[in-house]
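Report on the structure
This is what each chain is made of:
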Amino acid sequence: MKAKQNILHLPVYQPGKPIEDVKRELGLDEVIKLASNENPIGYSPLAKEAMLKELDLLSLYPDGASVELTDVLAKKLNVNASQIIFGTGSSDIILMIARAFLVPGDETIMADETFGQYKHNCEVENAKIIEVPLIDGVHDLDGMLAAITEKTKVLWICNPNNPTGTILTQSQLIPFLDRVPAHVLVVLDEAYCEYVSEADFPDGVSLLDEYENLVVLRTFSKVYGLAANRIGYGVGRAEVVKLINQVREPFNTGRLAQVAAKASLLDDEFLVRSRTQNQAGLDYYHEQFARLGLSYFKGYGNFVMVDVKQPSMDIFQRMLRKGIIVRAGWKKYPTSIRVSVGTPDENKKFIVALEQVLKELAVQN
Ligand SMILES: *Cc1c(COP(=O)(O)O)cnc(C)c1O
């Protein structure tokens, strides 16, 4: 028995710690999870209604092609149905792109740090990973262009970027796309785009007419609050989407996911409510970090990365003991943590706990 050599060193994905585990391990009654950028409001009541109606049909396979959902989304995005592909979360689309495009030795370019699933899936295909360091938490587009060779197949852009929360504007992205050669597929991951209110923030889907080598990824896990349902999508030129579809598992989205996603697309009220609460949370975090004298990357998604000036895993553990789960442990940002925007009450409790932790450490040192 011998697995592929190039997967032997791969770590198993470490998710944000589940609330139930932390409660049990530390004997805490209240635990707040601000580690996975989930929607603190939950998800649309219309989605719940749609799922309840679907429950009696779970013995039947879902529509593998998600026809009804595709039609609703195509109308909303003003694209053709043949330009859309659904996945078991947009992570699944990342996997499919790597699988469809990369053979061993192909080159692929991504930021360092960015969403870990790009690197992971490209490593599974034994591609050569070229990581271009962020500059002040932002993609170095010139550096990424300079890294392109004849062998480059796929280039990954995360906008807003996870974990830094920074954005590329339209005026930065367009000249970059103009210069990327046609043999390179650009994957623009917009998992958090619905949260961004900046006027100059690009809408990847509207760029598809202009750029044949572009694929845009989005998800129902973040602003739509359906993380447990595992559904996300890719949009691109029909020819590109067809290639991705050729490696798709036949039933990669379930019935509940499909009907919930479809209903969510029609609930603007929920979207507005989520965005409004999120923006207030971002403003609060920024203000509080400034008050505490901590530098941070201004967040545009539903999370903020802040430099706590101490080894981040130590802060992570100390916060955990106070019942607050954050995210930490980035190679390039060894003293930073990433915190999701929660409810106003959760955000406040996070700040109180962080301030206590920093005080404890200041006394010790
Ligand atoms: C959360 C996230 C995703 C997708 O998550 P799924 O739940 O698989 O849809 C994709 N990209 C980024 C940058 C994310 O943060």
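Residues numbered from 1 in each chain as written. Predicted model: local features only at pLDDT ≥ 70, side-chain atom pairs only at ≥ 80, totals over all residues. Heavy atoms only, no water.

Quick notes on the packing of helix H11 (residues 312-321) against helix H12 (residues 344-364)
Applicable threshold: Every angle, taken between N-to-C directions, lies between 0 and 180 degrees, and every axis is a line fitted to C-alpha atoms, over only the stretch in contact when it is a helix. Only runs of H or I of at least four residues qualify as helices and only runs of E of at least two qualify as strands under DSSP, and these elements are numbered from the N terminus. Any angle from 65 to 115 degrees is called roughly perpendicular, while one under 35 is roughly parallel, one over 145 is roughly antiparallel, and all others are oblique. If you view the pair so one helix is near and one far, a crossing is left-handed when the near helix is turned anticlockwise from the far one by less than a right angle, and right-handed when it is turned clockwise. Whether two residues touch is decided by their heavy atoms; if any such pair falls within 4.5 Å, the residues are in contact. Each residue is assigned to one of three groups, with Ala, Val, Leu, Ile, Met, Phe, Trp, Tyr, Cys and Pro labelled nonpolar, Asp, Glu, Lys and Arg labelled charged, and all others, Gly among them, labelled polar.
Interhelical geometry of H11 versus H12 gives an angle of 120 degrees and a closest axis separation of 10 Å. With respect to their mutual orientation, H11 and H12 come out oblique. The chirality of how H11 crosses H12 is right-handed. Side by side, H11 and H12 meet where Asp-314, Ile-315, Arg-318 and Met-319 of the first sit next to Phe-350, Ala-353, Leu-354, Val-357, Leu-358, Glu-360, Leu-361 and Gln-364 of the second. When grouped by side-chain class, the residues that make up the contact of H11 with H12 number eight nonpolar, one polar and three charged.

Topic: the sheet that holds strand S7 (residues 214-219)
Selection criterion: We call two strands paired when DSSP finds no fewer than two bridges between them.
The strand order across the open sheet built from seven strands is S2-S8-S7-S6-S5-S3-S4, with neighbouring strands paired in mixed fashion. Every other strand in the sheet has two partners, leaving strand S2 (84-87) and strand S4 (128-133) as the edge strands with one partner each. Neighbour-to-neighbour, the strand axes of this sheet turn through a mean angle of 20 degrees, independent of strand direction. Bridge count for S7 against strand S8 (residues 232-236) is five bridges, and the pairing is antiparallel. Within S8, the position partnered with Arg-218 by the bridge is Tyr-233. Strand contacts of helix H8 (residues 238-245): S2, strand S6 (185-189), S7 and S8, with the helix running at about 30 degrees to S2, the strand carrying the most contacts.

Here's the deal with a nonpolar patch on the surface
The cut-off we apply is this: Each patch is built from residues lacking any salt bridge and having more than 30% relative accessible area; the joining distance is 9 Å for like charges and 5 Å for nonpolar side chains (Val, Leu, Ile, Met, Phe, Trp, Tyr). To be clear on the numbers: accessible area is Shrake-Rupley with a 1.4 Å probe, and residue cover counts the displayed protein chains and nothing else. Between Lys or Arg on one side and Asp or Glu on the other, a salt bridge is scored when a side-chain nitrogen of the former is within 4 Å of a carboxyl oxygen of the latter.
Taken together, the side chains of Leu-52, Leu-55 and Leu-58 make up a nonpolar region of the molecular surface, amounting to roughly 280 Å² of accessible area. Following the sequence through the fold, Leu-52 ends up in helix H2 (residues 45-54).

Details of the pattern of salt bridges
So the rule is basically this: Buried residues are those whose accessible area, probed at 1.4 Å on protein chains only, stays under 20% of the maximum for their type, while exposed residues exceed 50% and partly exposed ones sit between those limits.
Throughout the structure, instances matching the rule amount to 21 salt bridges. Here Lys-33 and Glu-38 are joined by a salt bridge, their closest N and O atoms 3.3 Å apart. According to the relative accessible area criterion, Glu-38 is partly exposed, its value standing at 32%. Salt bridges here are not isolated pairs; linked through shared partners, they connect Asp-314, Arg-318, Lys-322 and Glu-360.

Things to note about H8
Applicable threshold: The directions considered for the arc are those from the helix axis to the C-beta atoms.
Within H8, the full set of buried residues consists of Val-240, Val-241 and Ile-244. The buried side chains of H8 occupy one side of the element, clustering within an arc of 95 degrees when seen end-on. Seen from the open side of H8, the exposed residues pointing more than 90 degrees away from its buried face are Glu-239 and Lys-242. Where the residues of H8 are buried, they touch S2, helix H4 (90-101), S6, S7 and S8.

Here we look at the nonpolar core
Short version of the rule: Each nonpolar core is a collection of buried residues, namely Ala, Val, Leu, Ile, Met, Phe, Trp, Tyr and Cys, held together in the definition by side-chain atoms within 4.5 Å.
Ranked by internal contacts, the top residues of the largest apolar core, which has 51 residues, are Ile-157, Phe-176, Leu-214 and Phe-220. With residues up to four places along the chain from it excluded, the contact list for Phe-176 reads Leu-141, Met-144, Leu-145, Leu-155 and Ile-157. Grouped together as the second largest cluster of nonpolar side chains are 30 residues, Val-304, Ile-325, Val-326 and Leu-361 included.

Points about the environment of Glu-131
Heads up, the rule is: Polar contacts, as counted here, are pairs of nitrogen or oxygen atoms within 3.5 Å of one another; within protein the pair requires one atom able to donate a hydrogen and one able to accept it, and residues that are adjacent in sequence qualify only if both atoms are side-chain atoms.
Relative to the helices and strands, Glu-131 resides in strand S4. A C-alpha to C-alpha distance of 8.5 Å links Glu-131 and Thr-108, two positions 23 residues apart in sequence. Setting aside residues up to four positions removed in sequence, Glu-131 forms contacts with Met-110, Ala-111, Asp-112 and Lys-119. At 3.0 Å, the side chain of Glu-131 forms a polar contact with the side chain of Lys-119.

Focus on the packing of H4 against helix H5 (residues 116-124)
When two helices pack together, their arrangement is captured by the angle between the axes and the distance separating the axes. The N-to-C vectors of H4 and H5 enclose an angle of 35 degrees; their axes lie 9 Å apart at closest approach. When the axes of H4 and H5 are compared, the crossing they make is right-handed. Two secondary-structure elements touch here, H4 through Ile-94, Leu-95 and Ala-98 and H5 through Gln-117, Tyr-118, Asn-121 and Cys-122. Counted by class, the contact of H4 with H5 contains five nonpolar, two polar and no charged residues.

Section: unusual backbone geometry
With an omega of -5 degrees, the peptide bond running from Asn-159 to Pro-160 counts as cis. Checked against the element boundaries, Pro-160 lands in the loop between strand S5 (152-158) and helix H7 (170-179). For the peptide bond that leads from Asn-162 to Pro-163, omega is 20 degrees, which places it in the cis range. Mapping Pro-163 onto the fold places it in the loop between S5 and H7. At Asn-37, a residue that is not glycine, the phi angle is positive and equals roughly 55 degrees. The topology assignment puts Asn-37 in the loop between strand S1 (32-33) and H2. Given the relative accessible area of 1%, Asn-37 is considered buried. For Asn-126, which is not glycine, the phi torsion reads 60 degrees and is therefore positive. Among the structural elements, Asn-126 can be located in the loop between H5 and S4.

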